[in-house]
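# Examination of the molecular architecture
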Amino acid sequence: MEPDREEDVGQLLSAEEVLILLKELLISYLEELKDACEPGENSFLYGEQTAYTECLEYIRLWDRAAEHGLDFDIEERYPL
C-alpha cells in the first residue's frame, strides 16, 4: 500500500503517525527494489536498499512496531 504523502504534506502528525508513515514508505520502496537487481549488480540500487533496510530496522525498535506490521525478520524478507 503506497502511503498518500501529498495528503500528509503540511500537516502536523504525532510521532506514532510519522513512524507508521515511514514504515509504509520504506516497505513500499523495498518492495519496488526487491527484484530490481542482484547484489553488486547496481551499486546505487544496492545502496538504496541498504539504507531503507537500516531505517526499517531502527523503526522496528519501536515498542509498538509489531502491532503495526513489523513483526517479521527484515533482513530475511529483504536480503542484502
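Residues numbered from 1 in each chain as written. Predicted model: local features only at pLDDT ≥ 70, side-chain atom pairs only at ≥ 80, totals over all residues. Heavy atoms only, no water.

### Points about the overall build of the chain
Convention followed: Here a helix means four or more residues in a row that DSSP labels H or I, a strand means two or more in a row labelled E, and each is numbered from the N terminus. Accessibility here uses a 1.4 Å probe with only protein chains present; expressed as a share of the type maximum, an area under 20% marks a residue as buried, one over 50% as exposed, and anything in between as partly exposed. Computed with the Shrake-Rupley method and a 1.4 Å probe, the accessible areas treat only the protein chains shown as cover for residues.
Secondary structure assignment for the chain yields four helices and zero strands. Secondary structure of the chain in N-to-C order comes out as α-α-α-α. Counting over 80 residues, the chain shows a buried share of 28%. Surface exposure of the chain reaches about 5,600 Å², of which carbon and sulfur atoms provide 51%.

### Description of the confidence of the model for the chain
Test applied: Each residue gets a pLDDT score, which is the predictor's confidence in that residue and runs from 0 to 100.
Counting all residues, the mean pLDDT for the chain is 86, and 82% of those residues have values of 70 or more. Across the chain, helix α2 (residues 15–33) holds the top mean pLDDT of 95, while helix α1 (residues 5–8) sits lowest at 57.

### With respect to the environment of Ser28
In this fold, Ser28 is placed in helix α2. Separated by 24 residues in sequence, Ser28 and Tyr52 have C-alpha atoms that sit 9.9 Å apart.

### Digging into a negative patch on the surface
How we decide: Two distance rules govern patches: like charges are joined within 9 Å, and nonpolar side chains (Val, Leu, Ile, Met, Phe, Trp, Tyr) within 5 Å, applied only to residues with over 30% relative accessible area and no salt bridge. In what follows, salt bridge is the name for a side-chain nitrogen of Lys or Arg lying within 4 Å of a carboxyl oxygen of Asp or Glu. Charged residues are defined narrowly, with Lys and Arg counted positive, Asp and Glu counted negative, and His plus the chain ends left uncounted. To locate a charge, take NZ of a lysine, CZ of an arginine, CG of an aspartate or CD of a glutamate.
A surface patch of like charges, here negative, comprises Glu54, Asp73, Glu75 and Glu76. Mapped onto the elements of the fold, Glu76 is located in helix α4 (residues 74–77).

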